[in-house]
Amino acid sequence: MNKKIKLIKKTSRTFLLTGLFLAILSSIVLYFYTKNILESEVEEVLYSTEVRVESALKNGTEQFGLPPVIEVNRVETLGREVLKDTIIYDPSEDEMELFRELSVFKNINGTNYQITVRNMVVESEDFAFAIVISNVAIFVLAFIFLFYFNTTRNLKLWSPFFKNLEQMKRFSLTSKEPLNLVDSDVLEFSELKTEIETLTDKVRSDYESLKQFTEDVSHEMQTPLAIIQAKIDNLINEQEISDKQFEQVTSIQKDIQRLKQLNKRITTLTKIDNNQFINIENVNLSDLIKEKIESFKELQFANLVYTSKNELFVSMDAYLADILINNLVSNAIKHSKKNEEITVVTKDNLLIISNFGEKALAHPENLFLRFYRESSANQSTGLGLAIVKKICDLYGFKISYQFEVDHHVFSIDFSE
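Residue positions are given per chain, counted from 1 along the sequence in the order it is written. Totals for whole chains, interfaces and linings use all residues, but because this is a predicted model, local features are given only for residues with pLDDT of at least 70 and pairs of side-chain atoms are given and counted only at 80 or more. Only heavy atoms go into the side-chain values, all of them from the structure, while hydrogens and water stay out.

(A) Just the sheet that holds strand β9 (residues 350–356), in detail. In short, DSSP must find at least two bridges between two strands for them to pair. In DSSP terms, a helix is any run of H or I states spanning at least four residues, a strand is any run of E spanning at least two, and both are numbered starting from the N terminus. Taken together, the five strands give an open sheet; going across it, the order is β6-β8-β9-β11-β10, and neighbouring strands pair in mixed fashion. The open sheet terminates on both sides in strands that have one partner only, identified here as β6 (303–308) and β10 (398–404). The average undirected angle you get between the axes of adjacent strands in this sheet is 15 degrees. Sitting on the sheet, helix α6 (residues 318–334) touches β6, β8 (341–347), β9 and β11 (407–413), and the angle it makes with β9 is about 20 degrees. Only C-alpha atoms enter the line fits that serve as axes; for helices the fit covers just the stretch in contact. Angles between N-to-C directions range over 0 to 180 degrees. Whether two residues are in contact is decided by their heavy atoms: any pair within 4.5 Å suffices.

(B) Local environment of the sheet that holds strand β3 (residues 95–108). Read across the sheet, four strands follow the order β1-β4-β3-β2 without closing on themselves; strand pairing throughout is antiparallel. Here the strands that pair on one side only, and so sit at the sheet edges, are β1 (70–74) and β2 (82–90). Neighbour-to-neighbour, the strand axes of the sheet open up by a mean angle of 30 degrees, direction not taken into account. The sheet contact formed by β2 and β3 spans nine bridges and is antiparallel. Looking at β3, one finds that Tyr89 is bridged to Met96.

(C) Region of the structure containing α6. The length a helix should cover is 1.5 Å for every residue beyond the first. The end-to-end C-alpha distance of α6 is 24 Å, a good match for the 24 Å that 17 residues give at a rise of 1.5 Å each. Relative accessibility decides the category of a residue: with a 1.4 Å probe and only protein chains considered, values under 20% of the type maximum give buried, values over 50% give exposed, and everything between is partly exposed. Taking burial as the measure, the 17 residues of α6 include twelve buried ones, the bulk of the element. The set of residues buried in α6 consists of Leu320, Ala321, Ile323, Leu324, Ile325, Asn327, Leu328, Val329, Ser330, Asn331, Ala332 and Ile333.

(D) Here's a closer look at the UniProt feature "transmembrane region" (unreviewed entry) in the protein chain. The sites that carry the UniProt feature "transmembrane region" (unreviewed entry) are, in the present numbering, residues 12–33 and 127–149. For residues 12–33, helix accounts for 100% and strand for 0%, while the C-alpha atoms at its two ends are 31 Å apart. Along residues 127–149 one finds 100% helix and 0% strand; the C-alpha atoms at either end are 33 Å apart. UniProt positions are given in the numbering used here, feature names are shortened, and annotations may be inferred rather than shown by experiment.

(E) Representation of the pairing of β8 within the structure. Covered by surrounding structure in β8 are Ile342, Val344 and Thr346 only, the residues Glu341, Thr343, Val345 and Lys347 on the alternate face being uncovered. Of the strand pairs in this sheet, β8 and β9 are connected by six bridges, and their pairing is antiparallel. Residue pairing for β9: Ile342 is matched across the bridge by Asn355. Taking the residues that link successive antiparallel strands as the turn, the β8-β9 hairpin has two residues, and the phi of Asp348 there is positive, at about 50 degrees.

(F) Spotlight on unusual backbone geometry. The phi dihedral of Asp348 falls on the positive side, at around 50 degrees, and the residue is not glycine. Tracing the backbone shows Asp348 in the loop between β8 and β9. Non-glycine residue Val405 carries a positive phi angle of around 50 degrees. By secondary structure assignment, the location of Val405 is in the loop between β10 and β11. Since its relative accessible area comes to 75%, Val405 is described here as exposed.

(G) Broad picture of the packing of α6 against helix α7 (residues 384–395). Packing of α6 against α7 leaves a shortest axis separation of 9 Å and a crossing angle of 140 degrees. Here α7 runs oblique to α6, going by the angle between their axes. The handedness of the crossing between α6 and α7 comes out as left-handed. Counted together, Leu320, Ile323, Leu324, Asn327, Leu328 and Asn331 of α6 and Gly384, Leu385, Ile387, Val388, Ile391, Cys392, Leu394 and Tyr395 of α7 form the full contact between these two elements. Of the residues contributing to the contact of α6 with α7, the split by class is eleven nonpolar, three polar and no charged. Our angle categories are set so that under 35 degrees counts as roughly parallel, over 145 as roughly antiparallel, 65 to 115 as roughly perpendicular, and the remainder as oblique. Two helices crossing with the near one rotated counterclockwise from the far one by less than a right angle form a left-handed crossing, whereas a clockwise rotation gives a right-handed crossing. Any residue that is not Ala, Val, Leu, Ile, Met, Phe, Trp, Tyr, Cys, Pro, Asp, Glu, Lys or Arg is counted as polar, Gly included; the first ten are nonpolar and the last four charged.

(H) Expanded view of the environment of Ala130. Assignment of secondary structure puts Ala130 in helix α2 (residues 122–169). Among the residues examined, Ala130 registers a relative accessible area of 38% and is labelled partly exposed. In this structure, the C-alpha to C-alpha distance between Ala130 and Leu235, residues 105 residues apart in sequence, is 110 Å.

(I) Focus on the packing of helix α4 (residues 243–273) against α6. Put simply, α4 and α6 touch, their axes get as near as 13 Å, and they point 135 degrees apart. Taken together, the axis directions place α4 and α6 in an arrangement best described as oblique. Crossing of α4 against α6: the hand is left-handed. Residues Lys264, Arg265, Thr268 and Ile272 of α4 form the contact with α6, whose participating residues are Tyr319, Leu320, Ile323 and Asn327. Residue classes in the contact of α4 with α6 are distributed as four nonpolar, two polar and two charged.

(J) Expanded view of helix α1 (residues 7–58). The end-to-end C-alpha distance of α1, which contains 52 residues, comes to 76 Å, matching closely the 76 Å that a straight helix rising 1.5 Å per residue would cover. Looking one or two places after α1, you find Gly60, whose phi comes out positive at around 90 degrees.

(K) Region of the structure containing the pattern of salt bridges. By definition, a salt bridge exists where a carboxyl oxygen of Asp or Glu is found within 4 Å of a side-chain nitrogen of Lys or Arg. Taken as a whole and judged by the stated rule, the model has ten salt bridges. The shortest N-O distance in the salt bridge between Lys169 and Glu166 comes to 3.4 Å. Of this pair, Lys169 and Glu166 both sit in helix α2, three residues apart, which is roughly one turn of the helix. With relative accessibility at 36%, the residue Glu166 sits in the partly exposed group. Lys193 is the salt-bridge partner of Glu197, the closest N and O atoms lying 3.2 Å from each other. Linking Glu197 with Lys193, this pair stays in helix α3 (residues 187–238), spanning four residues, or about one helical turn. Look at Glu197 and you get partly exposed, because its relative accessible area is 25%. Members of the salt-bridge network, linked through shared partners, are Glu71, Lys84, Glu101 and Arg118.

Written as structure tokens, this is what we have:
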């Protein structure tokens, strides 16, 4: 995936690269354009000077010269006009100089003349460079001003967008606080604000409706399940039934127990979503783990081994702490065979529970999803680990799963 960069940085980079390209391009174009103009001017001066010399000769002026600028010589034959650059020694400067030279041949008053006029080129080159450098300096100053002006303007222009983005990052379905979105005089940003408010209000409304529906269904299921359970108990106790009927009734009882457990766990999830567990206290998880392990050992469910390097205290609701430990240990027992060792370790701010496993999970990323079961043979509700994850998210604990050396390992980091 490509590295992400901030909007302002991206637009600034584009502005800088575009400005640099334009500065170089305009400097090159200006240099050659100025050079061409200066060369044209030099040639125009040469032709003008030649015309004046020719006019003077026609008027009978004595042959004259001003080397190396003007030279007039009599020749026997006429040649063709030559315009070129040449290097000539300049006595006044006592050095070799670059000149633009025009040489023409004319027959004036019956005499053949070679008229040569020259103009120094070095000064025109320096003049062209001076113009280009001045242009670059002005361009750079203007560019710096426009860059900071543009950046400041963009920051102000995009400010509502960035503020609203931060509000969206903090948006939570469980929070009752309304979104304080900032309006903008930019039409698109204003429309975006309106659409976000409409969308979030709709999502919250749907979430509240779904949450209320779940809570109502869970509540309404409790009484029918209790009545069905009581009638089945009466049926078993008051009437003689066959072995086949007993098996069927026992199967119904198991399904009812599963439904009751499912209903209880859905109710727990709903209460967590509603922030109904507000009694925070310093819970001794080490003692709670010992109690749970003793309870499970009495039922002879599994071979539980607990190791504690130090007492583990966690600030949370005591009821949720009980559910957290119970669900983790129950999950390990449920996925272990009888007499297989299940280890529970507490050290520093960590809780680690591991049990034997023949192979790693096919989709560990779905492990904490509601109603997810790795195998259809497992008759669990699929909510135990989802509740564990929900509790960890509520208090900011970090839960993780790994498959190490034929063991499923769950760990919770309670450090803040």
